[in-house]
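Working through the structure, step by step
Letter by letter, the chains look like this.
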Amino acid sequence: MEYRYGTAVSPGIAIGPALVLDTEGVRIPHKTVPPEQADAEVERLREALDDAAAEAREKRQRYTARFEAAIGNIFAAQQSAFEDPSFRARLEQLIRDETYSAEYAVSRGIREQVKKLEEAQKKVGDLAAAEVLRRRAGDLIDLERQILSTLLGRQPTPVGPVGGERVVILANDLMPSDTADFSPRTVWAFATESGGPTSHTAILAGALEIPAVVGVGRFLTDVSGVIVDGDEGKIILDPDEATVHKYEAKRLAGLSRADRYESLRGKPAVTHDGVAIKLLGNIELAPEAAHCADRGAEGVGLYRTEFLYLNKSSDPTEAEHYDAYRAVIDTIGPNRPVVIRTLDLGADKFSSVSGLLSVEKNPFLGLRSVRLCLRKVDLFRTQLRAILRAAVHGDIRIMFPMISTVDELRKCKTLLNEVKEDLDESGTPYKPDIRVGTMIEVPSAAILADVIAREVDFFSVGTNDLIQYTLAADRNNEHVAHLYDPADPAVLRLIRTVVEAAGKAGIDVNVCGEMSGEPLYAPLLIGLGLRSLSATPRKIPEIKRVIRQLSVAEAEKVAGQALQMDTARQVQNLLRDQLRRILPEAVE
Ligand code: PEP
Ligand code: MG
């Protein structure tokens, strides 16, 4: 049994058999075969190793002829690994003694060696020697992938389980498109070695309500059963029986707490002292609008429309945009607000679609989001037309992401006006007085919020990006996760600036980053003056519970104290103490 820690990105406990995916999504079947099949499995293994060795030999010749012997020798090393008698003997022994299938024997045999190399790597003091060991472990994983793909007949394997067994997926990393295909009926939970809390894979996990932990660091060695604790960001590999019992009890307690929150569904989100807080839902896919309605959200505060690009080989048409927006309105009703954010493609969001994006040296600082839309004006117009037309049927509002200068915002508004003129000319019905807002998620926009406020009807603070850009810490990089802290005083000052600017201009302001779905930060945000929060729908009941236990005076006091503090750690401690007082069950 082994405990590993990462970042909790989607709550809930799952206990189940592990399905380990390697970095390329090759499935490693965890299965045994009847003892009488062992000879046949050994034969399959030998053939696969012979094929892999022949392929390595062929590559060696080809690459030596094309480049030089040093390049060809990479494949020579692979060839001798595939032909190595002791390596083959160990894998055959696993098939005969443990009745493993050929694939599982390969996975176990190689991961055993990887584990040894990793342990040795931790012990050596010399950096160069550690690097040699690290590379050797990487080479072994590469060998594993090659043998497995030979054994599996090189069939591209879809990510996700087959055969109806419900599993916990363990992977180095998962693309949002992989995660979007997961169904809570077949995937209990997932855990990944890489990734951060606001990666889109993490956000989708929240949307699909699948417990998930990301950024665990290397753990994909030798696993059969696993517990994922999505509440505390913990995974337990090969748990013993007592631990399984303990977590089963925790899982059931979580379910009954969720039932209790459910009872708040019809009650208003009003503080102790009678101040109403608007709670809205964040969605990525149109069908999730139903989750907002189910969890008592008053509308959709953020519809991330770039997910219309998921699993698509061509850009969505105007009709596809329109149908998706109509579906949201039909689900949520015509009188509830639906804030449609225009495309925020780029950086970690679907960077391979439709040849839109080029390789970027610094993707988060590059041609992403509204910057890209202003370059690909036709693409932008298509979406704006669809939004304006769908807005006839409900309270749709439009929001521009990643605005970093006033000029950029003005260009977006000019384009919107041009699209309106086109619609006028063609006599197409649309909503001319649609409300227009902007995300505040780049520090320059927060600093200039008083100027920007004069040009829009509302602000929505995107803390996911605002934190990353303020602290210069990639939101998906676990190595700088210690810097990426919503409680950092620099972030709090920026949020205060934005709220004050909105107040002076008399426009609405909302927070839609993941921060607004965390009970810990709800008092702080309310104390900073926010009266509208938009969060993943499943977080809404818990946030409502915190709000109903809180008074604005108390929240303002906490925010005032937090703003005086020097470090994120001090603010975190303050917030934890406060939450413990008002809602002990929300604090571990
Ligand atoms: C944000 O940056 O806080 C935000 C809500 O946008 P996204 O997570 O989609 O970048
Ligand atoms: Mg953002």
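Above this text is the structure in question.
Notes on the structure follow. It should be emphasised that the depicted structure is a prediction, and the values quoted were computed from it without experimental measurement.

**Here's the deal with a nonpolar patch on the surface**
The grouping of M1, Y3 and Y5 at the surface amounts to a nonpolar patch, some 320 Å² of accessible area in total. Mapped onto the elements of the fold, Y5 is located in strand β1 (residues 2–5).

**Examining empty space enclosed by the protein**
Inspection of every chain in the model, using the stated rule, returns two cavities of 30 Å³ or more. Lining the second largest cavity are 14 residues; nearest its centre among them are R304, R341, M439, E441 and N464. Contributing elements (two or more residues each) for the lining of the second largest cavity: β10 (300–304) and α16 (463–471). Residues belonging to the lining of the second largest cavity are distributed by class as follows: three nonpolar, four polar and seven charged.

**Brief notes about the coordination of the magnesium ion (ligand 2)**
Taken together, E441 (OE) and D465 (OD) make up the protein donors of the magnesium ion (ligand 2), found 2.1 Å from the metal. Within this pair, whereas E441 is found in the loop between β13 (435–440) and α14 (443–447), its partner D465 is found in helix α16, the two being separated by 24 residues in sequence. In this structure, E441 and D465 share a single accessibility class: buried.

**Points about the sheet that holds strand β2 (residues 7–10)**
Read from one edge of the open sheet, eight strands run β1-β8-β7-β3-β4-β5-β6-β2, paired in mixed fashion. Pairing within the sheet leaves two strands with one partner each, and these edge strands are β1 and β2. Mean inter-strand twist for the sheet, computed between neighbouring axes without regard to direction, equals 30°. Two strands pair when backbone bridges link them, and β2 and strand β6 (residues 212–214) are joined in this way by three bridges, in the antiparallel orientation. Following the sheet pairing, A8 is matched in β6 by V213. Here helix α8 (residues 241–262) sits on the sheet and contacts β1, β3 (13–21), β5 (187–192), β7 (225–229) and β8 (234–237); the angle it forms with β3, its principal contact strand, is near 120°.

**Comments concerning the site of ligand 1**
Near ligand 1 there are 15 residues, and of these R304, R341, G462, N464 and R475 occur at the shortest range. One of the backbone N or O atoms of G462 is found 3.4 Å from an oxygen atom in ligand 1. N464 has a polar backbone atom sitting 2.7 Å from an oxygen atom of ligand 1. Protein chains bury 100% of the 290 Å² of accessible surface belonging to ligand 1 in isolation. In a pocket analysis with a 2 Å cut-off to the grid points, ligand 1 is assigned to the second largest cavity. Breaking the shell around ligand 1 down by element, the ones donating at least two residues are β10 and α16. Among the elements that line the shell around ligand 1, the one with the most residues is α16, at three residues. Of the residues in the shell around ligand 1, the class split is three nonpolar, five polar and seven charged.

**A word on the packing of helix α10 (residues 318–332) against helix α12 (residues 377–390)**
Running from N to C, α10 and α12 point in directions that differ by 35°, and their axes come no closer than 8 Å. Crossing hand, α10 versus α12: right-handed. Every residue of α12 that contacts α10 at E318, H321, Y322 and Y325 is listed here: T382, Q383, R385, A386, I387, R389 and A390.

Thresholds, definitions, all that
- Residues numbered from 1 in each chain as written.
- Chains lettered and ligands numbered in written order.
- Predicted model: local features only at pLDDT ≥ 70, side-chain atom pairs only at ≥ 80, totals over all residues.
- Heavy atoms only, no water.
- Patch = residues over 30% accessible without salt bridge, like charges linked within 9 Å, V, L, I, M, F, W, Y side chains within 5 Å.
- Areas by Shrake-Rupley, 256 points an atom, 1.4 Å probe, with all protein chains shown as cover.
- Salt bridge = Lys/Arg side-chain N within 4 Å of Asp/Glu carboxyl O.
- Helix = DSSP H or I, 4+ residues; strand = E, 2+ residues; numbered from the N terminus.
- 1 Å grid on protein atoms, 1.4 Å probe; cavity = no way out; pocket = protein on both sides within 12 Å on 5 of 7 lines; lining within 4 Å.
- Points joined across faces, edges and corners; volume = space filled by probe spheres on them.
- Nonpolar A, V, L, I, M, F, W, Y, C, P; charged D, E, K, R; others polar.
- Donors = N, O, S within 2.8 Å, 3.2 Å for Na, K, Ca; no water.
- Buried < 20%, exposed > 50% of the residue type's maximum accessible area, 1.4 Å probe, protein only.
- Pairing = 2+ DSSP bridges.
- Axes fitted to C-alpha atoms, helices over the stretch in contact; angles between N-to-C directions.
- Contact = heavy atoms within 4.5 Å.
- Near = heavy atom within 4 Å.
- Polar contact = N/O pair within 3.5 Å; in protein donor to acceptor, adjacent residues only side chain to side chain.
- Sits in = over half its atoms within 2 Å of the grid points.
- Left-handed = near helix turned anticlockwise from the far one by under 90°.

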